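# Structure at a glance
These are the residues of each chain, in order.
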Amino acid sequence: MERFDAIVIGGGLVGSAIAYGLARAGLRVALLDEGDVAFRASRGNFGLVWVQSKGDGAPHYQRWTRRSADEWPTLAAELLAKTGIAVGHERPGGVHLCLDDAELEARRAMMERMRVQSGNLGFDYRMLDRRELVDILPGLGPAVIGASWTPYDGHANPLYLLKALHKGFTEKGGRYLPNSTVTEAGAMPGDFRIRVAGGAIGAPKVVLAAGLGNAVLAPHFGLSAPVKPLKGQILVTERAGHVLPLPTTTIRQTVEGGIMLGDSQEDVGFDTSQKPAMMQTIARRALLSFPWLRDLQIVRAWAALRVMPPDGLPIYDQSERFPGAFTANCHSGVTLAGAHANLLAPMIAAGALDPSLALFSARRFDVSPAA
Amino acid sequence: MTVELAIVGAGPAGMAAAALAAELGLDTMLVDEQGSPGGQLYRAIERAPPDTPLGPEYLAGRSLAAAARASRIDYRTHTTLWHVEPDGTLFLEAAGRTESLTARRILLATGALERPVPIPGWTLPGVMTAGAAQILLKSADLVPEGRVVLAGQGPLLYLVASQLARAGAPPIALFETTPLENYLEAARHPASLWRGRRLLLKGLGWIAAVKRAGVPIRHGIRGMRAIGRRRLERVAWEDGELAADYLFLHEGVIPNVQVTFALQLRHEWDTAQLCWRPVLDAWGQTSLPNIAVAGDGGGISGAEAAVLTGRLAALDAAMWLGHIGEAERDRRARPIRAALDRERALRPFLDRLYRPSRTVMVPAADEVIACRCEEVSVGQIRRATRLGATGPNQLKAFTRCGMGPCQGRICGPVVAAIVADVLGKPVAEIGTFRPRAPFKPITVGALADLEAAESAAESIACPSSVAQPLTLPPTRAPPSPR
Amino acid sequence: MFRPRPESRSTIVAVVVEGRAVMVPEGASAAAAVLAAGFDSIRETPVAGGERAPYCMMGVCFDCLAEVDGMPNRQSCMVEVRPGMRINRQIRARRIDPKAG
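Residues numbered from 1 in each chain as written. Chains lettered and ligands numbered in written order. Predicted model: local features only at pLDDT ≥ 70, side-chain atom pairs only at ≥ 80, totals over all residues. Heavy atoms only, no water.

## Remarks on the interface of chain A and chain B
Threshold: Here a residue-residue contact requires only that any non-hydrogen atoms of the pair lie within 4.5 Å. Put simply, buried area is how much 1.4 Å-probe accessible surface two parts lose in total, over both of them, once they are put together. By definition here, a salt bridge exists when the distance from a side-chain nitrogen of Lys or Arg to a carboxyl oxygen of Asp or Glu is within 4 Å. Polar contact criterion, stated in full: a pair of N or O atoms within 3.5 Å, where within protein one must be able to donate a hydrogen and the other to accept it, and residues adjacent in sequence count only if both atoms are side-chain atoms.
At the junction of the two partners, chain A supplies 67 residues and chain B supplies 50 residues. Carbon and sulfur atoms make up 57% of the surface buried where chain A meets chain B, a total of about 5200 Å² over both sides. We note a salt bridge from Arg400 of chain B to Glu256 of chain A, for which the minimum N-O separation is 3.9 Å. For the pair chain A and chain B, the interface holds 12 residue pairs in polar contact (both at pLDDT 80 or more).

Shown next, in the form of C-alpha cells:
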C-alpha cells in the first residue's frame, strides 16, 4: 500500500488549491478525483473573486475573504511563473447593480454594516449613483439606478485556475489520481487508509475536499459536512471586443471576450438539467443592466451543482476523534483559492487549524437546547 | 401548443416520415433549419434541373419533397431546435424569435455529418469536405475553379468526383486512402457483396465514370498534408506533392448525435463504423419511449434506408398515438423491412472496406489542429490527458477544446480517439462531449423573449441581486452570502 | 474561387460582398456568395487571427461565420441570399455597440 504525507480527496477548486499548497510545502500528496462524468461544482463557478458582500453578520468570514482576495495576486503570479498558465485574474473592483430604490437602500445598509463589522481591518466602499456609473459602464440600462462598489473585488478564469493548480501540484511532485472514487475508508488517529479502484493508499493526514461528496465522507472521519447542492446556470456569449471594465455580481466579461451571465440559484436536489425558464430569467435580468446584450449570441450554457453549507459560510474542521482528518467546504471556490492555497494548506501541513478558523467548524450547526 | 408528432429534420427520413404520418392522420410538425426540404442528401432538390450533373439518384428526391409539401403538416422552415426535454417539450428558434411547444412523440431525423479528417493544414482556406463541394454544386450551381484534388475513401468520394466532372470541373486527381489491409478484410466476407449487388453495381458505376472522365486515381495514399501560407497551395502525401487550389476530403460520414446525447439517451459505440449511435429498437425508438430516431442519425445506411426507417418510425408513432392498430402497423411494415434489408446488405462490406485508417482517428503530428473553433492542437490534448484529464469533458476544462460554437460536433471524435490512445483505453470507454442547450447559438434577446408553451407556474428561485423583479417570477430568498 | 457551372440556368440574385456586387444563383447561401466573389477566406479567427473558409457547408463546423446584413458571426452557409444582402468577412471577435438595444 503506497503511503503519502497527505491525501486530499477531491480535485476541484478547493481540493486542488489545498493540495497545491501542501505539495509546495514539501509534503508528498495524493490528490484523488472522480472520472470524466462527475458533479464538479468547479464547473458551475462564475469566476468572481468577490469580497463586498461576504460575511455580513459574520466578521470572521469577511476577514477570511479579504485575506484570500489579498493573497490572490501573489497566487496568480506564482502560478504563472511556475506553470506558464495565466489564470486571467484582474482586480479592478466590482459593482453590484441595483434596479430600484429599495434594493439600493438595502445595499447601502449592508455596506455600512460590513464597514462597522470590519473593525480595524476597515472596509472601503462607495455607493455610486447612476451618473457615476454611466461613465464607467457603457450602455448601462435605464433600469439601473445605482450600485455599491469596493476596490477589493475582481475575477479570474475558474478553469484556468483549476488547470494551473493541477499543473503546479504535479510539478511539485504531487500525485494526481483520477477515476479514484473512494470506496472504503479506514480511520485511526494519525493513520488513514483510503481504498479506490486502483488499490489502497495511506497517510497520516487526510483532507476531505470532495464538495457535495463530503456530506457522505465526513462521518467516516468523525466529522460532519452538512452541505447541500444548489444548482447554478450560466450563459456565455460569443467573443466580443472588450466593453466591460469591471465585473458585476451577475455579468462579467472574460479575458477571451465572451460575456458570462449568471448567478441563478435553484434548490432542486441533484438535478443538473438546464431549464430554459431560468435561462430566460438570467437573460432578461441581464438586459435590464445592459440592453446592448440583446443582439449578442449565446454560444454556450450549462448547469452545475454548487456546494451550499446551511448558512452559506465555509466549513473548515479538524477531527477530534481522528486527529489528522480535515474537511474543507465552501460555496466560493475561486474567491477562497488564495486562502486555501496560502493560509489553510500551511495550517494543515503544520497539523492543526488556526484558532481563528474555529468559528467555521461544523459544530456551529449543532443547536443545543436553550441554556 | 401541442402536436402529436414533431419531426426534426427534413432530409429523406424526415420527409418520408412526415408524408406517411400525415397520411395516417397524425397531427404532424416538421422542423428544419433550411428553407426548403431535402436535408443534405437532397439539398435544394426542388430547384434541381432535370439534367443536373448530380445524377438520377439525386433527382429521386424530388418525389419525396413533393410528397412532404403536399401533406397536411405544419412545416417550419428556417427553424432551429435549440433545446429539447425528455418530456417532449421542444424549444425552437426562427428569425430571431424563440418559442416552445410540446409533442407527444418526437422523431429525430437529423442525419449525419462528415467524419473530421484532421490532416496537417486542414484549416487552410481551400480545404473542405467532399460533401461541401457537393452542396455548393447542389444549392448554388457553383464549381471550384482551378486544380481540384479529392482525397479519402468511401462511395461519396467517387460520386462527387463524377459529379464535378459532369459539371465541367473534373478533379486533377483522386487520392484513395483505403489501407491495403481493408481490401483483405472486406474480401473475407463475400456474402454481403452478393446481397448488396444492386448498390455495388451503382458504386462501381461511379468509379467507372470517374475513370472515363480521365481523372487520375491513386490508391494506398498515406500521410496526406495540406500546404500553403494563407490558403491551400500544394497537396502532399508520403510519396509526392502536387500543386492544388482545392482539396476535398472525405473519410465517411457519422451519425449526428448532438441531440440524442443532449437528451442523455442510451448510445453504443459501433465498432464497424467507428462512431457513436443511439440504441434503437426495430422501429427506431430510443431509450425514451416518446423519442425515436430515423435515418443516418441512427446509424449510417444511406438515403434509401433513411426513407424506409422514416416510414417505419411514422407507422410506430401512428400506432402509439392510437391512429392504427398493431396488426396494421406490422402488416404495412413488412415490405418496408424487406426493402430495408436489401438496402443494408452492402453495408458490412462498405464498413470493412472503408474503415478509416488509424491516423484519421488519431493524427500522428502534434501540430495538427484538433479543435478548429478554439485552435487547440493534438499535442495540447495529449499533454492535458497526461496531466490527468480523463475524458473530453475534463479536457474542456483544461484546454477549452469543445467550448467553441460547434460544441464538439467536429472535434469530438478526434478528441476522444486521442484520449483513448494516450490512456490505452478503448474509445467506447472514453465517452464524448456533453452537448448543451442552446444546440445552436441564439441571441440574449431571443432567449429573453421566449414564448413558453405554458406559463412558468413553477416557482423559480431568483437571484438575490434583484430585490423586486419587474416581470419575473416571484423571488425566494436563497441562503446566499451574496 | 468558385464559378457558376457552365450549363447553369439558375435565376440570378445580386448581393454585396465586401462592398462589391456579386451575382449568385437563387438559393445559394451567403457563404457560397463569398466563395463566388473570389475570396479565399471568410473570416479571421478571434483566437489567433488565422484565416478560415467554409469547411462543411452544412452548419456543423462554424468556420463560415460572417457578418450578414450587419449581424456578426452568422453561420453564412445556413443563410439564403436575398437581393441586396450585405455580406462581410468576420474579422476576429465582433464589436459591441453599447448604444444598441
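After that view of the structure, there is still more to cover.
## Quick word on the sheet that holds strand β11 (residues 191-196) of chain A
Residue and element names in this part refer to chain A. Rules: Paired strands, as defined in this entry, are two strands with at least two bridges between them according to DSSP. Only runs of H or I of at least four residues qualify as helices and only runs of E of at least two qualify as strands under DSSP, and these elements are numbered from the N terminus.
Pairing is mixed across the open sheet formed by 4 strands, whose spatial order is β1-β12-β11-β10. The open sheet has two free edges, formed respectively by β1 (2-3) and β10 (184-188), since each of these has just one partner strand. With 5 bridges joining them, β11 and strand β12 (residues 199-203) adopt antiparallel strand pairing. The residue of β12 that forms the bridge with Arg193 is Gly202.

## Let's talk about the packing of aromatic side chains
The line we're drawing: Only the six-membered ring of Trp is used, alongside the rings of Phe and Tyr, when aromatic pairs are assigned; centres must lie within 6.5 Å, and planes under 30 degrees apart are stacked while those over 60 apart are edge-to-face, with the rest tilted. Burial classification: accessible surface area is computed with a 1.4 Å probe over protein chains only, and a residue below 20% of its type maximum counts as buried, one above 50% as exposed, and the rest as partly exposed. Distance and angle both matter: a charge sits over a ring if NZ of Lys or CZ of Arg is within 6 Å of the ring centre and within 35 degrees of the ring normal.
Using the criterion set out here, one finds 15 aromatic pairs over all chains in the structure. Between Tyr316 of chain A and Phe360 of chain A, the aromatic rings sit 5.4 Å apart at their centres with planes inclined by 75°, giving edge-to-face as the arrangement. Here the residue Tyr316 of chain A occupies a position in strand β18 (residues 315-318), and Phe360 of chain A occupies one in the segment after α8 (337-350), the gap between them amounting to 44 residues. The interplanar angle of 85° and the centroid separation of 5.4 Å between the aromatic rings of Trp122 of chain B and Tyr55 of chain C together place this pair among those described as edge-to-face. Remark: Tyr55 of chain C occurs in the loop between β5 (51-52) and β6 (65-68) and Trp122 of chain B occurs in the loop between β7 (112-114) and β8 (127-129); the pair is interchain, linking two chains. Under the relative-accessibility criterion, Tyr55 of chain C is labelled buried at 2%. Members of the aromatic cluster, connected to one another through ring pairs, are Tyr61, Trp64, Tyr316 and Phe360 of chain A. Here the guanidinium or amino end of Arg66 of chain A rests over the ring plane of Tyr152 of chain A, the centre of that ring lying 3.9 Å away.

## Remarks on the interface of chain C and chain A
Accessible area lost upon the coming together of the parts is a frequently used measure of interface size. The line we're drawing: Nonpolar residues are Ala, Val, Leu, Ile, Met, Phe, Trp, Tyr, Cys and Pro. Charged residues are Asp, Glu, Lys and Arg, and all others, Gly as well, are polar.
On the chain A side, the residues contacting the 14 residues of chain C number 13 residues. Overall, the association of chain C and chain A removes approximately 1100 Å² of surface from exposure, summing both partners, and the carbon and sulfur fraction of that is 63%. Applying the counting criterion to the chain C and chain A interface returns 1 salt bridge. Taking the shortest distance from any N to any O, the salt bridge between Arg94 of chain C and Glu238 of chain A comes out at 2.9 Å. Taken together, the residues of the side of chain C that touches chain A break down into 8 nonpolar, 2 polar and 4 charged.

## Re the confidence of the model for chain B
The criterion, for reference: Confidence scores labelled pLDDT are given residue by residue by the predictor and lie between 0 and 100.
Residues with a pLDDT of 70 or more make up 94% of chain B, whose mean pLDDT is 91. Note that pLDDT drops below 50 for residues 455-482 of chain B; the model gives that stretch 58 contacts with residues more than four away or on any other chain.

## Section: the environment of Thr286 of chain B
Residue and element names in this part refer to chain B. Tracing the backbone through its elements, the reader meets Thr286 in the loop between β19 (275-278) and β20 (291-293). Residue classification places Thr286 among the buried residues on the basis of a relative accessible area of 7%. Considering only alpha carbons, one finds Thr286 and Leu107, 179 residues apart in sequence, at a separation of 9.8 Å. Filtering out sequence-adjacent residues up to four positions away, Thr286 remains in contact with Leu265, Val279, Leu280, Ile291, Ala292 and Val293. Only 2.8 Å separates the side chain of Thr286 from the backbone oxygen of Ile291, close enough to count as a polar contact.

## Quick notes on unusual backbone geometry
Residues and elements named next belong to chain B. Cis geometry marks the peptide bond from Ala437 to Pro438; its omega dihedral reads 0°. The topology assignment puts Pro438 in the loop between α17 (427-430) and β23 (442-443). Here the phi dihedral of His78 falls at roughly 45°; this positive angle occurs in a residue that is not glycine. Mapped onto the secondary structure, His78 falls in the loop between β3 (74-76) and β4 (79-84). The phi dihedral of Gln407 is positive, around 50°, even though this residue is not glycine. Among the structural elements, Gln407 can be located in the loop between α15 (392-399) and α16 (412-423). Residue Gln407 is classed as buried on the basis of its relative accessible area, which comes to 6%.

## Side note on the environment of His242 of chain A
Residue and element names in this part refer to chain A. Within the element layout of this structure, His242 appears in the loop between β14 (228-237) and β15 (251-253). Among the residues examined, His242 registers a relative accessible area of 52% and is labelled exposed. Sequence separation between His242 and Asp191 is 51 residues; the distance between their C-alpha atoms is 52 Å. With near-sequence residues (within four places) excluded, His242 lies in contact with Gln253, Thr254, Val255 and Gly257. Of the polar contacts made by the side chain of His242, one reaches the backbone oxygen of Thr254; its length is 3.1 Å. Of the polar contacts made by the side chain of His242, one reaches the backbone oxygen of Val255; its length is 3.5 Å.

## Focus: the state of the cysteines
Short version of the rule: Disulfides are defined in this document as cysteine sulfur pairs within 2.5 Å.
Inspection of every chain in the model, using the stated rule, returns 0 disulfides over all chains. Counting only cysteine sulfurs, Cys373 of chain B is the nearest neighbor of Cys406 of chain B, a cysteine outside any disulfide, at a range of 4.0 Å. Left unpaired, Cys61 of chain C is separated from the closest cysteine sulfur, that of Cys56 of chain C, by 3.7 Å. Under the relative-accessibility criterion, Cys61 of chain C is labelled buried at 3%.

## Focus: a nonpolar patch on the surface
Quick note on the threshold: Only residues above 30% relative accessible area that lack a salt bridge enter a patch, with like-charged residues linked at up to 9 Å and the nonpolar side chains Val, Leu, Ile, Met, Phe, Trp and Tyr linked at up to 5 Å. The Shrake-Rupley method, run with a 1.4 Å probe sphere, supplies the accessible areas, and residue values consider only the shown protein chains as cover.
A cluster of nonpolar side chains, Leu180, Tyr183 and Leu184 of chain B, forms an exposed patch at the surface whose accessible area comes to about 330 Å². By secondary structure assignment, the location of Tyr183 of chain B is in helix α6 (residues 180-187).

## Observations concerning the sheet that holds strand β3 (residues 29-32) of chain A
In a beta sheet, neighbouring strands pair by backbone hydrogen bonds and run either parallel or antiparallel. All names here are of chain A. Formally: Helix axes use the C-alpha atoms of the stretch in contact, all axes being lines fitted to C-alpha atoms, and the angles between their N-to-C directions lie in the range 0 to 180 degrees.
As summarised here, the arrangement of the 6 strands in space is β9-β3-β2-β13-β19-β18, forming an open sheet in which the pairing is mixed. Each end of this open sheet is capped by a strand with a single partner; those strands are β9 (175-177) and β18. Neighbour to neighbour, the strand axes of the sheet diverge by 15° on average, direction disregarded. Note: β18 against strand β19 (residues 325-329), 4 bridges, orientation antiparallel. Bridging from a neighbouring strand, Gln318 pairs with Phe326 of β19. Sheet strands touched by helix α1 (residues 13-24): β2 (6-9), β3, β13 (206-208) and β19. Its angle to β3, the strand with the most contacts, is close to 170°.

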